[in-house]
Amino acid sequence: MQYYLGIDAGSSYIKLVLIDGDENIVGRHIVPRGADINASCREGYSGLLEKCRLDESAVCGIVATGYGRKQVSFCEKAITEITALAIGGFSIDSNAEIIIDIGGQDSKIIVMDSAGKVMDFAMNQKCSAGTGKFLEVTSASLGVTVDQMDVLSQKADAILSLSATCTVFAETEIISHIAKGEKKENIIKALIVAVASQIQGLFAQVSPGKDGKILYTGGVSQNQTLKKELSVRLNRDIVVPEHPQHIGAYGAALYWKRNKENQTTPF
Ligand code: ADP
């Protein structure tokens with residue numbers, strides 16, 4: 001059996017997905033991104049092969065995507081995250097017409113047609129507002145982890161407003177809220193609402209008129225409070241697929257497999 005590997009070299013994590021010739025996922029793996037992206041991808045690749053009890057010779061194609069894709073020296077091709085997410089998302093759910101992806105350093109909204117072809121997309125500006133980095137930095141200044149933010153935000157009992165969308169200014173506001181004796185839970189809820197507001201703004205840039213299914217991917221999609229807040233703000237159901245952080249890597253693996261077999265993809 002021959003296998004195809006997709007590597008999503010993200011700003012925070014390296015995600016890897018291995019598929020077989022029938023497009024079944026045979027393994028997935030994740031490692032943190034180190035200073036040397038290529039070395040982190042290699043480490044992730046070795047870990048995945050070990051997990052799957054396979055040798056490198058069984059892998060007949062490697063495609064990289066993500067922020068660090070051009071640093072991956074051992075891939076055959078690098079494709080954008082927009083392409084990879086659209087292929088991966090559409091393959092998981094062919095009713096999906098919009099993908100919201102919130103990762104470590106950027107957020108994206110991708111609009112597809114009913115055949116999965118990318119029609120439009122929007123990405124956050126260079127600043128980290130509305131991304132995982134915003135939650136990482138602000139949670140650290142509150143002395144909690146990003147994972148803990150979800151449960152803590154559910155204990156909020158007051159609506160606070162945060163005027164700053166910028167991460168640095170938000171930190172200043174957090175300090176001032178703490179100094180006033182505000183509950184940590186309320187500050188965390190306000191931070192999550194601030195991310196939702198950023199995503200709502202991004203969504204408005206591309207989605208008008210589209211009422212198809214929304215898939216929500218990326219590491220930040222694990223925060224349930226944010227998912228609910230987005231759903232209310234967009235007035236739409238939002239579906240988080242299984243393993244939402246691996247959809248880009250899955251799409252990259254599919255891209256190569258389909259191209260190798262000369263299948264037509266809309267991309
Ligand atoms: P990238 O591709 O940029 O590395 P990912 O899609 O892998 O991004 O997501 C990484 C981001 O997800 C990080 O900013 C991380 O803090 C965030 N994250 C991870 N786990 C959670 C969680 N449980 N709740 C919210 N955010 C999370």
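What you see is a predicted model; the values in this text were computed from it and never measured.

What follows deals with the site of the ligand. Taken together, 19 residues form the shell around the ligand, and within it Ser11, Ser12, Lys15, Glu136 and Gln245 come nearest. Separating an oxygen atom of the ligand from a backbone N or O atom of valine 220 is a distance of 3.5 Å. Computed on the free molecule, the ligand has an accessible area of 580 Å², of which 91% lies beneath the protein chains in the complex. When residues of the shell around the ligand are assigned to their parent elements, the largest contribution, three residues, is made by helix α3 (residues 132-141).

Here we come to the domain arrangement of the protein. Much of the literature gives interface size as the accessible area that the parts lose upon coming together. Taken domain by domain, the protein consists of domain 1 (1-93 + 245-267) and domain 2 (95-240). Once you take the C-alpha centre of each, domain 1 and domain 2 turn out to be 26 Å apart. Counting residues at the interface gives 14 residues for domain 1, matched by 24 residues for domain 2. For the domain 1 face of the interface with domain 2, the top three residues by lost area are Ile82, Phe90 and Asp93, together amounting to 39%. At the surface where domain 1 touches domain 2, the tally comes to two salt bridges. One salt bridge in this structure joins lysine 213 and aspartate 93, with 2.5 Å as the shortest N-O distance.

Further remarks concern the pairing of strand β4 (residues 59-65). Across the seven residues that make up β4, a large majority, seven, are buried. Relative to β4, strand β1 (residues 3-9) runs parallel, the two sharing six bridges. When the sheet's bridge partners are listed, aspartate 8 is paired in β4 with threonine 65. Here β4 runs beside strand β5 (residues 77-78); their pairing, made up of two bridges, is parallel. Bridge assignment links valine 63 to a residue of β5, and that residue is lysine 77.

Two strands in a sheet stick together by hydrogen bonds in their backbones, pointing the same way (parallel) or opposite ways (antiparallel). The five strands lie next to each other as β8-β7-β6-β9-β10, forming an open sheet whose pairing is mixed. With one partner strand each, in any of the chains shown, β8 (118-123) and β10 (238-239) form the two edges of the open sheet. Judged from the five bridges that link them, strand β6 (residues 96-102) and strand β7 (residues 107-112) form a sheet pairing that is antiparallel. The partner of isoleucine 102 across the bridge, within β7, is serine 107.

So, about the packing of aromatic side chains. Using the criterion set out here, one finds one aromatic pair in the structure. A ring pair is formed by tyrosine 45 and phenylalanine 74, whose centres lie 5.7 Å apart and whose planes are at 5°; its orientation type is stacked. One end of the pair, tyrosine 45, is in helix α1 (residues 37-52); the other, phenylalanine 74, is in the loop between β4 and β5, and 29 residues separate them in sequence. A residue is classified by how much of its surface remains accessible, and tyrosine 45, at 3% relative accessible area, is buried. The ring of phenylalanine 74 is capped by arginine 42, whose NZ or CZ atom sits 4.2 Å from the centre of that ring.

Topologically, asparagine 223 is positioned in the loop between β9 (213-217) and α7 (224-234). Residue asparagine 223 is classed as buried on the basis of its relative accessible area, which comes to 6%. Here threonine 225 takes part through its backbone nitrogen, which lies 3.0 Å from a polar atom of the side chain of asparagine 223. From its side chain, asparagine 223 meets the backbone nitrogen of leucine 226 in a polar contact 2.8 Å long. Residue contacts for asparagine 223: discarding those within four places in its chain leaves Met149, Asp150 and Ile192.

Before going further, it helps to examine the environment of serine 153. Here serine 153 lies in helix α4 (residues 146-153). You can call serine 153 buried: its relative accessible area is 3%. Considered as a pair, serine 153 and glycine 248 are 95 residues apart in the sequence and their alpha carbons are 28 Å apart. Setting aside its immediate chain neighbours within four residues, serine 153 contacts Glu185, Ile188, Lys189, Ile192 and Thr225. Within the structure, serine 153 has its side chain in polar contact with the side chain of threonine 225 (distance 2.8 Å).

What counts, and at which threshold
- Residues numbered from 1 in each chain as written.
- Predicted model: local features only at pLDDT ≥ 70, side-chain atom pairs only at ≥ 80, totals over all residues.
- Heavy atoms only, no water.
- Near = heavy atom within 4 Å.
- Polar contact = N/O pair within 3.5 Å; in protein donor to acceptor, adjacent residues only side chain to side chain.
- Areas by Shrake-Rupley, 256 points an atom, 1.4 Å probe, with all protein chains shown as cover.
- Helix = DSSP H or I, 4+ residues; strand = E, 2+ residues; numbered from the N terminus.
- Domains from an automatic or database assignment.
- Contact = heavy atoms within 4.5 Å.
- Buried area = accessible area lost by both parts, 1.4 Å probe.
- Salt bridge = Lys/Arg side-chain N within 4 Å of Asp/Glu carboxyl O.
- Buried < 20%, exposed > 50% of the residue type's maximum accessible area, 1.4 Å probe, protein only.
- Pairing = 2+ DSSP bridges.
- Phe/Tyr/Trp six-rings, centres within 6.5 Å; stacked < 30°, edge-to-face > 60°.
- Lys NZ or Arg CZ within 6 Å of the ring centre and 35° of its normal.

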